[in-house]
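Residue-level structure breakdown
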Amino acid sequence: MKIKAYAAKEKGGRIEAFEYEPKELGPEDIEVKISHCGVCHSDLHLLNDDFGMTQFPFVPGHEITGTVTAKGEKAMFAIGDMVGIGWQSGSCGECAYCRHGEENLCALSSATCVSGFGGYAEKIRINSRFALKIPAGLAPSEAAPLLCGGVTVYTPFKVYGVRPWMKVGVIGIGGLGHLALQFARAMGCEVTAFSTSENKEKEALALGAHNFVSTRKNGVMTSLAGRFDFIISTVSADVNWGEYINALAPKGRLSIVGVPENEIKFHAFPLLVGQRSVSGSVIGSPSTIGEMLEFSARNGVKAKTEIYKMSEVNDVFERVRANKVRYRAVLEN
Ligand code: NAP
Ligand code: ZN
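Note on numbering: residues in each chain are counted from 1, in written sequence order. Starting at A for chains and at 1 for ligands, labels are handed out in the order in which the entities are written. Totals for whole chains, interfaces and linings use all residues, but because this is a predicted model, local features are given only for residues with pLDDT of at least 70 and pairs of side-chain atoms are given and counted only at 80 or more. With hydrogens and water stripped out, all remaining heavy atoms of the structure feed into the side-chain values.

Notes on the coordination of the zinc ion (ligand 2)
- Surrounding the zinc ion (ligand 2) are the protein donor atoms Cys40 (SG), His62 (NE2) and Cys148 (SG), at 2.0 to 2.3 Å.
- Counted as coordinating are nitrogen, oxygen and sulfur atoms within 2.8 Å of the metal, or 3.2 Å for Na, K and Ca, while water is not included, which may make sites look incomplete. One chain supplies every donor to the zinc ion (ligand 2), and in sequence these donors are spaced C-x21-H-x85-C. Placement of the pair is Cys40 in the loop between strand S3 (29–38) and helix H1 (41–47) and His62 in the loop between H1 and strand S4 (64–71), with a sequence separation of 22 residues. For the residue pair Cys40 and His62, the accessibility class agrees, reading buried in each case. Numbering of helices and strands runs from the N terminus; a helix is a DSSP stretch of H or I covering at least four residues, while a strand is a stretch of E covering at least two. Burial classes: relative accessible area under 20% of the type maximum marks a residue as buried, over 50% as exposed, and values in between as partly exposed (1.4 Å probe, protein chains only).

A closer look at a nonpolar patch on the surface
- Two joining distances apply to patches: 9 Å for like charges and 5 Å for nonpolar side chains (Val, Leu, Ile, Met, Phe, Trp, Tyr), and every residue must have over 30% relative accessible area and no salt bridge. The method behind every accessible area is Shrake-Rupley, applied with a 1.4 Å probe, and residues are considered shielded solely by the protein chains displayed. We count a salt bridge whenever a side-chain nitrogen from Lys or Arg sits within 4 Å of a carboxyl oxygen from Asp or Glu. On the surface, Tyr97, Leu105 and Val282 cluster together to form a nonpolar patch covering roughly 270 Å² of accessible area.
- Of note, Tyr97 is situated in helix H2 (residues 96–99).

Let's talk about helix H4 (residues 149–159)
- Burial analysis of H4 places nine of its eleven residues in the buried class, the great majority of the element.
- Within the span of H4, buried status applies to Gly149, Gly150, Val151, Thr152, Val153, Tyr154, Thr155, Pro156 and Phe157.
- Throughout, a residue-residue contact means that at least one pair of heavy atoms, one from each residue, lies within 4.5 Å. Looking at the buried side of H4, the elements it contacts are strand S10 (167–171), helix H5 (175–186), strand S13 (228–233), strand S14 (248–256), helix H9 (286–299) and strand S17 (328–332).
- Where H4 terminates, the next one or two residues include Gly161, which has phi positive at roughly 65°.

Re the pattern of salt bridges
- Tallied over the full model, the rule gives ten salt bridges.
- For the salt bridge of Asp29 with Lys23, the shortest nitrogen-to-oxygen distance reads 3.5 Å.
- For Asp29, a relative accessible area of 7% translates into the label buried.
- Here Lys217 makes a salt bridge to Glu198, at a shortest N to O gap of 4.0 Å. A residue pair is termed long-range when its members are at least 10 positions apart, and Lys217 in the loop between strand S12 (211–214) and S13 and Glu198 in the loop between strand S11 (190–195) and helix H6 (201–207) qualify at 19 residues.
- Residue class for Glu198 comes out exposed when judged on its relative accessible area of 51%.
- Within this structure, Glu31, Lys123 and Arg125 form a network of salt bridges that share partners.

Side note on the site of ligand 1
- Taken together, 28 residues lie near ligand 1, and Ser195, Thr196, Ser197, Lys200 and Arg328 sit nearest.
- Protein contacts shield 88% of the accessible area of ligand 1, which totals 920 Å² for the unbound molecule.
- Going through the elements one at a time, H1 and H5 are the ones with two or more residues in the shell around ligand 1.
- In terms of residue count, the dominant contributor to the shell around ligand 1 is H1 (three residues).
- Three classes are used: nonpolar for Ala, Val, Leu, Ile, Met, Phe, Trp, Tyr, Cys and Pro, charged for Asp, Glu, Lys and Arg, and polar for all others, with Gly counted as polar. Among the residues making up the shell around ligand 1, the classes are represented as eleven nonpolar, 15 polar and two charged. Each residue is tested against the molecule or strand, and it is near if at least one of its non-hydrogen atoms lies within 4 Å.

Remarks on the environment of Ser236
- Residue placement: Ser236 occurs in the loop between S13 and helix H7 (241–246).
- Residue class for Ser236 comes out partly exposed when judged on its relative accessible area of 29%.
- Counting along the chain gives 232 residues from Ser236 to Lys4, while the straight-line C-alpha distance between them is 30 Å.

Overview of the environment of Glu332
- Tracing the backbone shows Glu332 in strand S17.
- A C-alpha to C-alpha distance of 9.8 Å links Glu332 and Pro140, two positions 192 residues apart in sequence.
- Residues in contact with Glu332, not counting those within four places in the same chain, are Ser35, His36, Ile307, Tyr308, Lys309 and Met310.
- Looking at Glu332, its side chain comes within polar contact range of the side chain of His36, at 2.9 Å. We define a polar contact as two N or O atoms separated by no more than 3.5 Å, with the added condition that, inside protein, one atom must be a possible hydrogen donor and the other a possible acceptor, whereas residues neighbouring each other in sequence contribute only through side-chain atom pairs.

Here it is as structure tokens:
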């Protein structure tokens, strides 16, 4: 049996129809018939080999929803279950992080569309430990972006103890950012959207922001000095990091999940004064994904999507590059 997929043959190349022979179904593996796959900005980074880890031919896609069509004898799930698969496809299972449920921090973590062929395809075979059941009440198209984008912004809120009384800022209202606004609002926080796109204001407020800051306006950041307990950055571009550090209250934290093009530079002094910190975060563990999916189903958090056919992927990448997507493109089979 061959699996039909879409692949780039070389760095930065066009994505074209591609077929591959899947690996044999292992005892813990499931085969999933893909219904939807979100287009994360990381897929674009991988196409350009920005992380220095892409294998070609490259089948992108790591925000997958679909139904289980086959399973190994030890695999979780039943045939017909609706499941989701995110960035991570494997970990050592033995290190301290794996053993206490932080598999996303395992040094031997493998990635769905790097260690294998990803979700821009009709099917995928994967270890069932890294798949999660999609709760009733979440549509597969709206749930797919939660599997990477959703858990990536939910995890730092959880790990760094964001609380209902806090003032939270979200930099970049794209795929990750529009989910971060919804999570922060559902968690009871005062929420501010920082955006370079003035025309996103109305939708950002509808998604849960109390305030919208158009960052291209001169002087606007100075007026916000010392205000925020927690700011999450989802931008894939360079911004003035010092301005955001100045916008933190004492003990405030800037949490970086987006991957800007260049080194992040800022002065030490504003960090020392007020004991502010800057930290990073990567995706989330399978148990956190499960918890985040339930939280989303209960609180109405879902991706606002543009739906395309898998074959339209090159045009979709152009829309992502041009920051035109509102707010997550999802490919549908
Ligand atoms: P996206 O949908 O393209 O959104 C990024 C947003 O950044 C844009 O919507 C835009 O928001 C803002 N932006 C774009 N160009 C900008 C510029 N020149 N200056 C300032 N802001 C700009 O991307 P995404 O899928 O949300 O991914 C965002 C980043 O997170 C990517 O780098 C991706 O690789 C990374 N990521 C990391 C993890 C992790 O585990 N840490 C997981 C998934 C993704 P405005 O229009 O509102 O300004
Ligand atoms: Zn992603």
